[in-house]
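Residue-level listing of the chains:
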Amino acid sequence: MKITVEHLNFYYGAKKALTDISIEMKANEVTAFIGPSGCGKSTFLRTLNRMNDIIPGARVEGSVKIDGADLYASGTDAVLLRRKVGMVFQKSNPFPKSIFENVAYGLRINGMAKGRELAEQVEASLKAAALWEEVKDRLHDPAMALSGGQQQRLCIARALAVRPEVLLMDEPASALDPIATQRIEELIYVLKKDYTIVIVTHNMQQAARVSDATAFFWMGKLIEFGPTPSMFTGPREKLTEDYITGRFG
Amino acid sequence: MTFRDWRRRALSSVMIGLSMAAVLAALIPVALILFFVLAKGIGSINWAFFTHMPAPVGEVGGGMANAILGSLTMVGLGALIAVPLGVIAGIYLSEFHGSTFASVVRFSADTLNGVPSIVIGVFVYAIFVLPVKHFSALAGGAALGVMMLPVITRTTEELLRLVPMALREGAYALGATRSRAMFTVVLPAALPGILTGIILALARTAGETAPLLFTSLNNQFWSTSLNKPMASLTVQVYTYATSPSEDWHRQAWAGALVLVMIVLVCSLAARFATRRLERMHTGH
Amino acid sequence: MKFRLTTGAIASVIVFIVAGIAWTLWDQAALAIHKFGWQFWQTSIWDPVSGEFGARPFIWGTLYSAILAILISTPIAIGIAVFLSDWCPASLRAPLVFVTELLAAIPSIVYGLWGIFVLVPAVREFQVALPDWIRAMPMFSGPPVGVSMLSAALVLAIMIIPYTSSIAREVLKSVPATQREAAYALGATRWEATRVALHYARTGIFGAVMLGFGRALGETMAVTMVIGNNPQVKWSLFAPQYTMAAVIANEFSEAADELHLDALVEIGLVLFAITLIVNVGSRLLLWQMNRERKPKQRATAPAEEAA
């Protein structure tokens, strides 16, 4: 098991956003989180790299272990941890810098490479994100000038550059057109050879297409979790079935 | 953790520390100014300060009754001009905010807001004082009005635009015209906020000195004529502060204390008012 | 339509006032502009009695004091903006915002009074306490009088902090949360994430600094009371100097002959022009920052807007 979560509760101030979540995610698999908006799937994703730490009043109970090491143990350093867990956001969010500098950012701040080595790693990351061919002649153009789909792949390249083990994706294709979405999905399929991927999506077809395992969230609870094919063909829970068949959400 | 990581962590802590130091660097002057104004001014604040005329040079005591009256008069005059103009201009800006002319007006208001107060003084001097060859309270009031106008305009615009569209649509649905919807529904909804903004603008303008220096000038005597020079709290504080008399210095501190109290009380009141308004709107 | 015309006509008063200021100043200054030409800004002798008018010391004093003021206030103002937007505990934010903005509400005359009786003596003592070798340097030379460029710059710096910091804070607040989060996700420290936000907002922050600069250029009373009002072009921080706004404040109501008055109006005209350029420039920067960043974000995220 790559990621093991046990009895996780999450609070925004007095409001309980996640209740008693236990789940295990395998290495080199894609796990999809589905559920209606506000069900807690994105919040849960963000507990996996302690991104919620920066929200005032947020509080976590329970344990999240990656390779057996507890993220929320007192000795764990969020900054070091986040380097191991990359993240891609719903809205593509390149920095207002050049394409090259975007990918180089994580390498630079973490002191992972410089000079020619830096250039090589930027190239490798852009190749891994299937963007290299489109941008290799204009690496020093502003990232903001790329199309939406290219920006999102740039953000993936930026996350891959620091060589994470886990890649969290928060609705990475929700803002993209169908062709750009397809490219991202193909990329996810390739990337899972090297990474453990967790993806939040509100698109059930997408979950069915890209994931190996699917978790259904509802009102801050994990309702059902299992291999994707059986989840979509024979859900155990009535709630899951209603959601998958489009009766609510 | 590598040495590099440790160094980055240390740098981060240092920068957070520096930003706190920056906050302190701003709090210290606030505290120092409030402390000195209070410590040096409180001793000379008494009944006479508000009711007596300035004492002649060399005599102890006296007050700033005429200057206080003058400030009130001229702020009132300014408000008389600026409040109706500003509120209506604000209505125009919020109702027709996309139009080209609205952009011109908005740009002018922001420009006017950035014009140094001394330049406003020169302008008002040229159009109100020069033609009649004498300083007057009217000119002082006009100068203060010009100072208030852009602030009131922009505050009104912003507060009107916060009124939910649904409220307007409700009025339109009942067949109200645009102007009727504005004056019967939208403006009343935003009125408490607008009044708060106006009071803040008046309080700030009451502290202006530069636009009065050569419009209303100063007056050592009790005068209620709008056509004559008029004393004001701020110009009086300036005159006293730059004089050699110790007793006048004390009066200047007392005047400054009154000015600070006006601003402080109005700002605090405005803060509480806006917080209550926010609660009303969010329903907590 | 009647509603639109009526309110529009009243709103146009503001446009007329701004145009009126420009035209009136130009018209009034005509005599001086015609008589002195460029000479006016190139000579340094200001002697109304003998009819000599050289305004170089005033423009020097105005620019020098305002530049010193932003050098002092900018790091503090940005520090405040960063602390309040990124690092401050939520419960402390509102009171701190209130207190820092109180700095903007305190009347200029009160700063001046405080300057004369508290700051100026302190500057004098500081100058006396400096070792001789420092006082021998041109930057710090001169007799210890207290009223000086340094006193003016310090008062100005305090006065413009709230303007710069409140705009900078708003600009930082408008940076999308995902910019900082992207940095965090790559292993950034808190400062590194803030740097990303500062970099994203750099145009707007520059605009905020310029807005403070515009305020400093036009500030009158406090400066008049502490700068010493001595028309000379000096680098020394301890030398009494003079500004454009201060000379108008001091001499305008006593200007006896027309040439003197017109010379002062010309100074007012140039002050108006400079502040106008600086303010318009800063607004353009702030506006550009909003425009540059927003449409692209929108183009890529229609779903976000619907949600």
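Engineer: Can you help me understand the overall build of chain A in this one?
Structural biologist: A tally of regular secondary structure across chain A gives 10 helices and 10 strands. For chain A, the C-alpha radius of gyration of 18 Å lies close to 18 Å, the compact-globule estimate for 249 residues. When the backbone C-alpha atoms are referred to their principal axes, chain A occupies close to 55 × 45 × 30 Å. Every one of the 249 residues in chain A was classed for burial, and the buried ones make up 48%. Taking as baseline every contact in chain A between residues at least 6 positions apart, the subset at least 24 positions apart corresponds to 68%.

Engineer: I'm lost on the overall build of chain C in this one. Help?
Structural biologist: Scanning chain C from terminus to terminus reveals 14 helices and 2 strands. Counting only C-alpha atoms, chain C reaches 75 × 65 × 30 Å along its principal axes. With 307 residues in all, chain C has 53% of them scored as buried. Within chain C, contacts between residues separated by at least 24 positions form 76% of all contacts whose residues are at least 6 apart in sequence.

Engineer: Would you mind showing me how to read the sheet that holds strand E1 (residues 3-12) of chain A here?
Structural biologist: Each strand in a sheet pairs with its neighbour through backbone hydrogen bonds, running either in the same direction (parallel) or in the opposite one (antiparallel). Residues and elements named next belong to chain A. One open sheet accounts for 4 strands, arranged E2-E1-E4-E5; its pairing is antiparallel. Each edge of the open sheet carries a strand with a single partner, namely strand E2 (15-25) and strand E5 (69-70). Judged from the 2 bridges that link them, strand E4 (residues 58-66) and E5 form a sheet pairing that is antiparallel. Across the sheet, residue Lys-65 finds its bridge partner in E5, namely Asp-70.

Engineer: Hey, could you run me through the nonpolar core in this one?
Structural biologist: What tends to happen in soluble globular proteins is that the nonpolar side chains get buried as a cluster. Counting 261 residues, the largest nonpolar core has Val-110, Val-155, Leu-156 and Val-226 of chain C as the members making the most contacts within it. With 17 residues, helix H7 (residues 149-173) of chain C is the largest single contributor of residues to this core. Residue assignment places this core across two domains, with domain 1 (3-44) and domain 2 (48-282) of chain B each supplying three or more. Excluding residues that lie within four positions of it along the chain, Val-110 of chain C makes contacts with Ile-33, Val-37, Ala-256, Leu-259 and Val-260 of chain B.

Engineer: Explanation requested: the packing of helix H5 (residues 108-129) of chain C against H7 of chain C in the structure shown.
Structural biologist: Each pair of packed helices gets described by two things: the angle between the helix axes and the distance between those axes. Residue and element names in this part refer to chain C. At their nearest, the axes of H5 and H7 sit 10 Å apart, and the two run at 130° to each other. In this view, H5 runs oblique relative to H7, as classed from their interaxial angle. H5 and H7 meet at a crossing whose hand is right-handed. Contacts from Tyr-111, Gly-115, Leu-119, Val-120 and Val-123 of H5 reach H7 at Leu-150, Ser-151, Leu-154, Val-155 and Met-159.

Engineer: Would you mind going over the interface of chain B and chain C with me for this structure?
Structural biologist: Accessible area lost on assembly of the parts is the figure often given for the size of an interface. On the side of chain C, 63 residues touch chain B, which itself brings 70 residues to the contact. Mapped by element, the contributors of at least two residues to the side of chain B that touches chain C are helix H1 (3-41), helix H3 (65-95), helix H4 (100-114), helix H5 (117-129), helix H6 (137-162), helix H8 (178-206), helix H9 (233-241) and helix H10 (246-282) of chain B. Among the elements that take part in the side of chain B that touches chain C, H1 of chain B stands out by supplying 19 residues, more than any other. Class assignment of the residues belonging to the side of chain B that touches chain C gives a composition of 51 nonpolar, 13 polar and 6 charged.

Engineer: Would you mind going over the sheet that holds strand E6 (residues 85-88) of chain A with me for this structure?
Structural biologist: Residues and elements named next belong to chain A. Across the sheet, 6 strands lie side by side as E6-E7-E8-E3-E9-E10; this open sheet has mixed pairing. Strands with a single pairing partner mark the edges of an open sheet, and in this sheet they are E6 and strand E10 (221-227). The mean inter-strand angle of the sheet, taken between neighbouring strand axes irrespective of direction, is 15°. Here strand E3 (residues 30-34) runs beside strand E9 (residues 213-218); their pairing, made up of 4 bridges, is parallel. Following the sheet pairing, Thr-31 is matched in E9 by Ala-213.

Engineer: Got a minute to help me understand unusual backbone geometry in this structure?
Structural biologist: All names here are of chain A. The backbone of Asn-28 sits at a positive phi, close to 55°, despite the residue not being glycine. Mapped onto the secondary structure, Asn-28 falls in the loop between E2 and E3. Overall, Asn-28 belongs to the partly exposed group, with 13 C-beta atoms counted inside 10 Å. The backbone of Ala-130 shows a phi angle near 55°, a positive value even though the residue is not glycine. Residue placement: Ala-130 occurs in the loop between helix H4 (115-128) and helix H5 (132-135).

Engineer: I'm lost on H4 of chain A in this one. Help?
Structural biologist: An α-helical turn contains 3.6 residues, so any two residues separated by three or four positions project in the same direction. Residues and elements named next belong to chain A. Here H4 contains 14 residues, and its C-alpha end-to-end distance of 20 Å stays within 8% of the 20 Å for a straight helix at 1.5 Å per residue. If you check which residues of H4 are buried, you get Gln-121, Val-122, Ser-125 and Leu-126. Taken down its axis, H4 places every buried residue within 135° of arc, on the same side. Exposed and facing more than 90 degrees away from the buried side of H4 are Arg-116, Glu-117 and Glu-120. Considering only its buried residues, H4 is in contact with helix H3 (99-109), H5 and helix H6 (148-161).

Engineer: What is the right way to look at the pairing of E2 of chain A in this model?
Structural biologist: For a regular strand, the rule is simple: side chains alternate between the two faces of the sheet. Residues and elements named next belong to chain A. Pairing analysis gives 7 bridges linking E1 to E2, with the strands arranged antiparallel. Considered in E2, the bridge of Val-5 is made with Ile-23. In this antiparallel pair of consecutive strands, E1 and E2, the connection spans 2 residues, and Gly-13 shows a positive phi of 60°.

Engineer: Would you take a moment to explain the environment of Gln-182 of chain A for this structure?
Structural biologist: Along the chain, Gln-182 of chain A turns up in helix H7 (residues 178-191). Between the C-alpha atom of Gln-182 of chain A and that of His-7 of chain A, which follows or precedes it by 175 residues, the distance is 35 Å.

Engineer: Sorry if this is basic, but what is going on with the environment of Phe-126 of chain C here?
Structural biologist: All names here are of chain C. By the element assignment, Phe-126 lies in helix H5. With 13 C-beta atoms counted inside 10 Å, the residue Phe-126 sits in the partly exposed group. Taking C-alpha positions, Phe-126 is 22 Å from Val-110, a pair spaced 16 residues apart along the chain.

Engineer: Would you mind showing me how to read the pairing of E9 of chain A here?
Structural biologist: Residue and element names in this part refer to chain A. Buried residues dominate E9, accounting for 6 of its 6 residues. Of the two faces of E9, both are covered, the one formed by Ala-213, Ala-215 and Phe-217 as well as the one formed by Thr-214, Phe-216 and Trp-218. Two elements, E9 and E10, share 6 bridges in a ladder whose sense is antiparallel. Residue pairing across strands places Ala-213 opposite Pro-227, the latter belonging to E10. The loop that links E9 with its antiparallel partner E10 comprises 2 residues; one of these, Met-219, has a positive phi angle of about 50°.

Engineer: Hey, could you run me through the packing of H1 of chain B against helix H3 (residues 56-87) of chain C in this one?
Structural biologist: Two elements in contact, H1 of chain B and H3 of chain C, have axes separated by 8 Å at closest approach and are oriented at 115°. As far as their axial angle goes, H3 of chain C and H1 of chain B are roughly perpendicular. Note that H1 of chain B runs across H3 of chain C; the crossing there is left-handed. Where H1 of chain B approaches H3 of chain C, its residues Ile-16, Leu-18, Ser-19, Met-20, Ala-22, Val-23, Ala-25 and Ala-26 of chain B are matched on the opposing element by Pro-75, Ile-76, Gly-79, Ile-80, Val-82, Phe-83 and Trp-87 of chain C.

Engineer: Would you take a moment to explain the confidence of the model for chain C for this structure?
Structural biologist: The predicted coordinates of low-pLDDT regions are not to be read in fine detail. All names here are of chain C. Overall, the prediction assigns chain C a mean pLDDT of 91, with 95% of residues at 70 or greater. Overall, residues 295-307 carries pLDDT values under 50, and its contacts beyond four positions in sequence, including any with other chains, amount to 19 contacts. Of the two predicted TM-score estimates for the complex, the pTM is 0.91 and the ipTM is 0.93.

Engineer: Just to check I follow, could you spell out the environment of Val-185 of chain B for this structure?
Structural biologist: All names here are of chain B. Its place among the elements puts Val-185 in helix H8. Placed 14 residues apart in sequence, Val-185 and Ala-171 show a C-alpha to C-alpha distance of 7.1 Å. Leave out the neighbours within four places in its chain, and Val-185 touches Leu-167, Arg-168 and Ala-171.

About the thresholds
- Counting restarts for each chain: residues are numbered from 1 in the order of the written sequence.
- As a convention, the first chain written is A and the first ligand written is 1, with the rest following in written order.
- With pLDDT at 70 or above as the cut-off, local features in this predicted model cover only qualifying residues; side-chain atom pairs require 80 or more to be listed or tallied, and sums for whole chains, interfaces and linings still use all residues.
- Secondary structure elements follow DSSP: runs of H or I no shorter than four residues count as helices, runs of E no shorter than two count as strands, and numbering proceeds from the N terminus.
- With C-alpha atoms as the basis for the radius of gyration, the globule rule is written as 2.2 Å multiplied by the number of residues raised to the power 0.38.
- Partly exposed residues are those whose C-beta has more than 12 but fewer than 20 other C-beta atoms within 10 Å; 20 or more makes a residue buried and 12 or fewer makes it exposed, with C-beta atoms placed from the backbone.
- What counts as a contact is two residues whose backbone-derived C-beta atoms lie within 7 Å of each other.
- Here, a strand pair is defined by DSSP locating no fewer than two bridges between the strands.
- Any nonpolar core is a set of buried residues, restricted to Ala, Val, Leu, Ile, Met, Phe, Trp, Tyr and Cys, that join up through C-beta atoms within 7 Å.
- Domain borders in the structure are assigned automatically or taken from a domain database.
- As a rule, the C-alpha atoms of each element are fitted with a line to give its axis, helices using only the stretch in contact, and angles between N-to-C directions run from 0 to 180 degrees.
- In these notes the angle categories are as follows: under 35 degrees is roughly parallel, over 145 is roughly antiparallel, 65 to 115 is roughly perpendicular, and the rest is oblique.
- The sense of a crossing depends on the near helix, which, turned anticlockwise from the far helix by less than a right angle, makes the crossing left-handed and, turned clockwise, makes it right-handed.
- Three categories are distinguished: nonpolar for Ala, Val, Leu, Ile, Met, Phe, Trp, Tyr, Cys and Pro, charged for Asp, Glu, Lys and Arg, and polar for the others, with Gly belonging to the last.
- Expected span, for any helix, means 1.5 Å times one less than how many residues it has.
- What the arc covers is the set of directions going from the helix axis to the C-beta atoms.
- You can read pLDDT as the predictor saying how much it trusts each residue, on a scale of 0 to 100.

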